[in-house]
Amino acid sequence: MSEAFHQFIMGLREFIKEYFLGFWDYETPKIMVVKNRTLGVIYRSVQFLVITYFIWYVFMSQKAYQESETRPESSVYTRMKGTAVLGDDILDTVEYARPSEGGDVISTILRREVTYDQRQGTCAEYFQVPSANCTKDSDCVQGEVDFAGHGRRTGRCVQYYNHTFKTCEIQTWCPIEEYAVVREPEIREAINFTVFIRNSIHFPKFKVLRGNIKDASNRRDMQKYLTKCHYDEEKEPYCPNFRLGYIANKANENVTDLYRTGGVIGVFINWKCNLDLDPSHCKPTYSFRRLDLRKNQTSSGYYYRFAKYYSKNGVESRTLIKAFGIRLDVIVHGHAGKFSPIPTIISTVTAMTSVAICTIICDWIMLTFIDKNEVYSERKFDEVINEPTVPTELSYINSFGSNHSDLSDGVPL
């Protein structure tokens, strides 16, 4: 046991010694010309792919020679415009647009469900609320509040409005929405409403400020242009007025479905600016996409509730409105780049270093698949075993030949 342990220690010692001494050896590459057509084609092909990748993708597409900024400062102002007719009523932006002051989020109403003349009092709970159905008063716990319901229970079991069954009585705004709601027709004009989107973006690193509205010679010309124009990707790229129908179409949304359930659509403003050119070439591009999930139909869409309060016969009353609509979320992305020597040097050095991979790949192919008689490996690897004795000599090499070998003759390929 002790003898085996002693041999193990001695072997480990020799290994550490050789590794330590070999660590201080100096290695230098040796040039060897191998005239093998197959290997040459592989070598030049890999070189071509690497160089093409860096020229086309890294430098031309990704512009790796530029210093970039990806977190600009941005502001968004929105305003809805249009008029709608609903029965005998005329609806303007104050009634269908939220919020009225604008911002990066704005919505418009497409249809409404209205519950008129609600007052504080007692009435029957909605029959689809869990444990709301009853046959006697003892089935209803006085003072209990069901958060899936509409109010606080009084402890009485009453008839459900004009029906024969009964539910627990609650204290709330009566009558409840599910029983007395009136579904109004759709606001068909809403699809032609226009939303004005003003966006300015600032790249502080490069001190560049740009806006998405076309410059005009004077204020009157600007107002005239903004009153008449509608955004078009080809004809009017600087017009900030977008029709809701255009936005829904670009987001691949069915207008009929939006009228029924509402929806949330993202308006993406993308600034990709090459500041090596004049800043006037820095223009925004727009894209549109539905943001709310539609897999779960019960929770998809967009709606909200609000109430209009008034006094009727000295009693506080309200009209409850459930509004289905389109909500627009304006999201701004910005990227600017400008030539800088530091990223240019880094990218160039990386490209030159990557070209060396071609040699490593071809060496591996040569020594693994082509060097059947180990002729290449004998010429490829030489070891200096003595210090030079003659001042004019560089080294004594334990293989024949100089440090530049030409395997064009005498080597079976």
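Keep in mind it's a predicted model, so treat the numbers as computed, not measured.

### Examining a nonpolar patch on the surface
Next, step 1: Taken together, the side chains of Phe5, Phe8, Ile9, Leu12, Phe15, Ile16, Tyr19, Phe20, Leu21, Phe23 and Trp24 present a nonpolar region at the surface, about 1,300 Å² in accessible area.
Next, step 2: Looking at the element boundaries, leucine 12 is found in helix α1 (residues 2-23).
Next, step 3: Given a relative accessible area of 39%, leucine 12 falls into the partly exposed group.

### Here's the deal with the packing of aromatic side chains
Next, step 1: The tally for this structure, following the rule as stated, stands at 24 aromatic pairs.
Next, step 2: Here the aromatic rings of tyrosine 96 and phenylalanine 193 are separated by 4.2 Å at their centres, their planes lie at 15 degrees, and the arrangement is stacked. On the criterion of sequence distance, the pair formed by tyrosine 96 in helix α3 (residues 93-96) and phenylalanine 193 in the loop between β11 (182-183) and β12 (194-203) is long-range, its members being 97 residues apart. The two residues tyrosine 96 and phenylalanine 193 agree in class, both being buried.
Next, step 3: Considering the side-chain rings of tyrosine 303 and phenylalanine 324, the 5.3 Å spacing of their centres and the 45 degrees angle between planes classify their relative orientation as tilted. Placement of tyrosine 303 in strand β17 (residues 303-312) and of phenylalanine 324 in strand β18 (residues 315-339) is noted, with a sequence separation of 21 residues between them.

### Looking at the UniProt feature "transmembrane region" (unreviewed entry) in the chain
Next, step 1: With numbering aligned to this structure, UniProt lists the feature "transmembrane region" (unreviewed entry) at residues 41-59.
Next, step 2: The span residues 41-59 shows a helical share of 100% and a strand share of 0%, and its end C-alpha atoms are spaced 26 Å apart.

### Here we look at the side chain of arginine 318
Next, step 1: Inspection of the secondary structure puts arginine 318 in strand β18.
Next, step 2: Although arginine 318 lies buried, it forms no salt bridge, and the closest oppositely charged side chain, glutamate 177, sits 7.5 Å away as judged by the N-O distance.
Next, step 3: Here the side chain of arginine 318 touches glutamine 118 through a polar contact of 2.8 Å, side chain to side chain.

### Some points on the side chain of glutamine 47
Next, step 1: Along the polypeptide, glutamine 47 turns up in helix α2 (residues 37-61).
Next, step 2: Exposure remark for glutamine 47: the relative accessible area of 14% places this residue in the buried category.
Next, step 3: With near-sequence residues (within four places) excluded, glutamine 47 lies in contact with Val355 and Cys358.

### Observations concerning α2
Next, step 1: Compared with the 36 Å implied by 1.5 Å per residue over 25 residues, the 34 Å span of α2 between its first and last C-alpha is a close match.
Next, step 2: Its side-chain oxygen placed 3.0 Å from the backbone nitrogen of threonine 38, asparagine 36 serves as the N-cap of α2.
Next, step 3: Just past α2, the residue lysine 63 takes up positive phi, approximately 50 degrees.

### Some words on the state of the cysteines
Next, step 1: Within this structure, the stated rule accounts for five disulfides.
Next, step 2: The side chain of cysteine 140 participates in a disulfide bridge whose partner is cysteine 168; the two sulfur atoms lie 1.9 Å from each other. Residues cysteine 140 and cysteine 168 are joined by a disulfide whose S-S torsion is about -90 degrees; by sign, that bridge is left-handed. With a gap of 28 residues between them, cysteine 140 in the loop between β8 (133-134) and β9 (152-159) and cysteine 168 in strand β10 (residues 166-174) connect regions that are remote in the sequence.
Next, step 3: In this model, cysteine 229 is linked to cysteine 239 through a disulfide, with the two sulfur atoms separated by 2.1 Å. With the S-S dihedral at roughly 85 degrees, the linkage between cysteine 229 and cysteine 239 falls on the right-handed side. In this pair, cysteine 229 sits in the loop between α5 (219-228) and β14 (241-243) while cysteine 239 sits in the loop between α5 and β14, placing the two residues 10 residues apart along the sequence. Residue cysteine 229 shares its accessibility class with cysteine 239, and that shared class is buried.
Next, step 4: Sequence-ordered numbering of the bonded cysteines in the chain gives a disulfide pattern of 1-6, 2-4, 3-5, 7-8, 9-10.
Next, step 5: With no disulfide partner, cysteine 358 has as its closest neighbouring cysteine sulfur the one in cysteine 362, 6.9 Å distant.

### Regarding the environment of glutamate 113
Next, step 1: Within the secondary structure, glutamate 113 sits in strand β7 (residues 105-124).
Next, step 2: Judged by relative accessible area, glutamate 113 falls into the buried class, the value being 8%.
Next, step 3: Not counting chain neighbours up to four residues away, the residues in contact with glutamate 113 comprise Val181, Val182, Arg183, Leu320, Ile321, Lys322 and Phe324.
Next, step 4: A distance of 3.3 Å separates the side chain of glutamate 113 from the side chain of arginine 183, its partner in a polar contact.

### Describing helix α8 (residues 341-370)
One turn of an α-helix holds 3.6 residues; hence residues three or four places apart share an orientation.
Next, step 1: Its 30 residues place the ends of α8 43 Å apart at the C-alpha level, agreeing with the 44 Å of an ideal helix rising 1.5 Å per residue.
Next, step 2: Within α8, the full set of buried residues consists of Pro343, Thr344, Ser347, Ala351, Ser354, Cys358, Cys362, Ile365, Met366 and Ile370.
Next, step 3: Residues of α8 that are buried sit in contact with β1 (31-33), α2, β2 (66-69), β18 and α9 (375-380).

### Overview of the packing of α2 against α8
Next, step 1: Two elements in contact, α2 and α8, have axes whose closest approach is 10 Å; the angle formed by their N-to-C orientations is 155 degrees. Between α2 and α8, the interaxial angle falls into the category roughly antiparallel. As for the relative orientation of α2 and α8, their crossing is right-handed in sense.
Next, step 2: Among the residues forming the contact of α2 with α8, the class breakdown is 16 nonpolar, six polar and no charged.

### Some thoughts on the environment of glycine 334
Next, step 1: Following the sequence through the fold, glycine 334 ends up in strand β18.
Next, step 2: Once the C-alpha coordinates of glycine 334 and asparagine 270 are considered, the two residues, 64 residues apart in sequence, prove to be 5.9 Å apart.
Next, step 3: Not counting residues within four places of it along the chain, the set of residues in contact with glycine 334 comprises Glu69, Thr70, Pro72, Ile201, Phe203 and Trp271.

### Side note on the UniProt feature "binding site: ATP" (unreviewed entry) in the chain
Next, step 1: UniProt records the feature "binding site: ATP" (unreviewed entry) at Thr194 and Lys322, using the numbering of this structure.
Next, step 2: Here threonine 194 lies in strand β12.
Next, step 3: By relative accessible area, threonine 194 is classed as buried at 11%.
Next, step 4: Discounting residues that sit within four places of it in the chain, threonine 194 has contacts with Arg79, Met80, Lys81, His230, Phe242 and Arg243.
Next, step 5: Along the chain, lysine 322 falls in strand β18.
Next, step 6: For lysine 322, a relative accessible area of 13% gives the class buried.
Next, step 7: When sequence neighbours within four positions are dropped, the list of residues in contact with lysine 322 reads Arg111, Arg112, Glu113, Glu177, Tyr303, Tyr304 and Arg305.

What counts, and at which threshold
Residues numbered from 1 in each chain as written. Predicted model: local features only at pLDDT ≥ 70, side-chain atom pairs only at ≥ 80, totals over all residues. Heavy atoms only, no water. Patch = residues over 30% accessible without salt bridge, like charges linked within 9 Å, V, L, I, M, F, W, Y side chains within 5 Å. Areas by Shrake-Rupley, 256 points an atom, 1.4 Å probe, with all protein chains shown as cover. Salt bridge = Lys/Arg side-chain N within 4 Å of Asp/Glu carboxyl O. Helix = DSSP H or I, 4+ residues; strand = E, 2+ residues; numbered from the N terminus. Buried < 20%, exposed > 50% of the residue type's maximum accessible area, 1.4 Å probe, protein only. Phe/Tyr/Trp six-rings, centres within 6.5 Å; stacked < 30°, edge-to-face > 60°. UniProt positions renumbered as here; feature names shortened; annotations may be inferred. Lys, Arg positive; Asp, Glu negative; His and termini not counted. Polar contact = N/O pair within 3.5 Å; in protein donor to acceptor, adjacent residues only side chain to side chain. Contact = heavy atoms within 4.5 Å. Expected span 1.5 Å × (residues − 1). Disulfide = S-S within 2.5 Å. Axes fitted to C-alpha atoms, helices over the stretch in contact; angles between N-to-C directions. Parallel < 35°, antiparallel > 145°, perpendicular 65-115°, else oblique. Left-handed = near helix turned anticlockwise from the far one by under 90°. Nonpolar A, V, L, I, M, F, W, Y, C, P; charged D, E, K, R; others polar.

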